[in-house]
Amino acid sequence: MQWRAYHESLPLAREFRISRGAKTHADVIVVEVSQHGATGRGEAVPYARYGESIDQALAQLQRVAPRLTDISMHSDLPQLLEAGAARNALDCALWDLTAKLRHTPVSELIGFTPPRHCLTAQTVSVGPLEQMREEALSLGQAQLIKVKLDPESVVDKIRAIHQVCPTSQFIVDANEGWTLKLLEQVAPQLSSMNVALIEQPLPAHDDELLAHYRGPVPLCADESCHTAATLPSLKNKYQAVNIKLDKTGGLTEAVALYQAAKAQNFSVMVGCMVASSLAMAPAFLLCQGADFVDLDGPILIKQDRPNGFIIENGIMRNPAQLLWGMGSD
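No experiment lies behind these values; they were computed from the predicted model shown. (Residues numbered from 1 in each chain as written. Predicted model: local features only at pLDDT ≥ 70, side-chain atom pairs only at ≥ 80, totals over all residues. Heavy atoms only, no water.)

Q: I'm lost on the layout of surface pockets in this one. Help?
A: In this approach, a probe sized like a water molecule rolls over the atoms, and the result shows the empty space that is left. There is about 520 Å³ of room inside the largest pocket. Forming the walls of the largest pocket are 28 residues, and the residues nearest its centre are Phe 16, Ile 18, Lys 23, Tyr 47 and Val 274. At the level of secondary structure, the elements contributing two or more residues to the lining of the largest pocket comprise strand E1 (2–18), strand E2 (21–35) and strand E6 (144–148). At five residues, the largest contribution of residues to the lining of the largest pocket is made by E2. The residue inventory of the lining of the largest pocket, partitioned by class, reads 13 nonpolar, four polar and eleven charged. Together, Ile 71, Ser 72, His 74, Ser 75, Trp 95, Thr 98, Leu 101 and Arg 102 line the second largest pocket. (1 Å grid on protein atoms, 1.4 Å probe; cavity = no way out; pocket = protein on both sides within 12 Å on 5 of 7 lines; lining within 4 Å. Points joined across faces, edges and corners; volume = space filled by probe spheres on them. Helix = DSSP H or I, 4+ residues; strand = E, 2+ residues; numbered from the N terminus. Nonpolar A, V, L, I, M, F, W, Y, C, P; charged D, E, K, R; others polar.)

Q: Just to check I follow, could you spell out the pattern of salt bridges for this structure?
A: Two side chains bearing opposite charge may form a pair once their charged atoms approach each other closely. Summed over the entire model, instances satisfying the criterion amount to 17 salt bridges. Glu 32 is paired through a salt bridge with Arg 4; the nearest N and O atoms lie 3.1 Å apart. With Glu 32 in strand E2 and Arg 4 in strand E1, the pair connects residues that are 28 residues apart, well separated along the chain. Take Glu 32: its relative accessible area is 17%, and that puts it in the buried class. Close ionic contact of Glu 43 with Arg 305 constitutes a salt bridge, the shortest N to O distance being 2.8 Å. In this pair, Glu 43 sits in strand E3 (residues 38–44) while Arg 305 sits in the loop between helix H12 (297–300) and strand E13 (310–312), placing the two residues 262 residues apart along the sequence. Connected through salt bridges with shared partners, the residues Lys 146, Lys 148, Asp 173, Glu 199 and Asp 294 form a single ionic network. (Salt bridge = Lys/Arg side-chain N within 4 Å of Asp/Glu carboxyl O. Buried < 20%, exposed > 50% of the residue type's maximum accessible area, 1.4 Å probe, protein only.)

Q: Where do I start with the pairing of strand E11 (residues 267–270) in this structure?
A: Successive residues of a regular strand alternate their side chains across the two faces of the sheet. The sheet contact formed by strand E10 (residues 240–243) and E11 spans four bridges and is parallel. Its bridge partner being in E11, Val 241 is matched across the sheet by Val 268. (Pairing = 2+ DSSP bridges.)

Q: Sorry if this is basic, but what is going on with the packing of aromatic side chains here?
A: To describe a pair of aromatic rings, you give the distance between the ring centres and the angle between the ring planes. Counted according to the given criterion, the structure contains three aromatic pairs. Pairing Tyr 47 with Tyr 50 gives two aromatic rings, centres 5.5 Å apart and planes at 55°, and the pair type is tilted. You can call Tyr 47 buried: its relative accessible area is 18%. By relative accessible area, Tyr 50 is classed as partly exposed at 22%. (Phe/Tyr/Trp six-rings, centres within 6.5 Å; stacked < 30°, edge-to-face > 60°.)

Q: Help me out: how do you make sense of the packing of helix H6 (residues 154–164) against helix H7 (residues 180–191) in this one?
A: A pair of packed helices is characterised by two quantities: the angle between their axes and the separation of those axes. Direction vectors running N to C along H6 and H7 enclose 20°, while the axes themselves pass 10 Å from each other. By the criterion of interaxial angle, the relationship of H6 to H7 is roughly parallel. For the pair H6 and H7, the sense of crossing is right-handed. When H6 is examined against H7, the residues Val 154, Val 155, Ile 158 and Arg 159 are found in contact with a partner set consisting of Leu 182, Val 186, Gln 189 and Leu 190. When the residues that make up the contact of H6 with H7 are grouped by side-chain class, the tally is six nonpolar, one polar and one charged. (Axes fitted to C-alpha atoms, helices over the stretch in contact; angles between N-to-C directions. Parallel < 35°, antiparallel > 145°, perpendicular 65-115°, else oblique. Left-handed = near helix turned anticlockwise from the far one by under 90°. Contact = heavy atoms within 4.5 Å.)

By themselves, these figures tell us nothing about what the structure is for.
Okay, here's the thing in structure tokens:
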């Protein structure tokens, strides 16, 4: 088996800003794995919040390369790489290669029924109130909008967005930027403005503060939720979890987390980092039974990959020939 890993910097359609900072490019790693004349690909985003970088991820993959010599060793990945972006890119590339070698879509291999289409959230970045309102207005009464918020003017910004998108449902994502006091202050007002979910309001290391919090809007763990092993620590603090393949270390563990979360009565969001359709495609397989989907990465990229997803008015569909996991070259 031959494979290579490399870095790509994908320009964004516009600056993307969350409570931790802003960026104008999506820096991703791509893994290509070849055997018996077929090639599988995977894409992932090393994330500084988790101590990852492009160079670190590529170095991890380079160390593993001599030890992964055949597609049959796919199941050895958890022993070779920790959960994270490097393992995600390699795991998804191996699934894509397996699909091609077996002439069977990945959805059949994992026993999931992929949706024909799904509703994905569309994201409004953190910014001045007027800018956020204009960005929301440009979405044209989208059914589901994710609003990135820092601690500043939380209620005023949601009120302004709600005024121009009165029929939209909102996910508010604080990206660990709030305090418990702020959450307690704003949640009742947010609940009256179609906010269906508040994502990761506190830093992950402050999760214990949520043990006795009972608010009007369900809370979703993102930075606090990585693999199925993290679920017990989230009980009685969060009502939902955000499954991202860059955190789980690929589709294999994402399936395990999805099944465990459902079994433990968590609501499920399928989410993403900012990346292309190549990164979205494996996650899309989990959307059939998800309560929320946030896979708008291809919209945020200035130019998506060929045969990427079609996203119109928040409805996400496969093209005639998707670029990943379909069981054929």
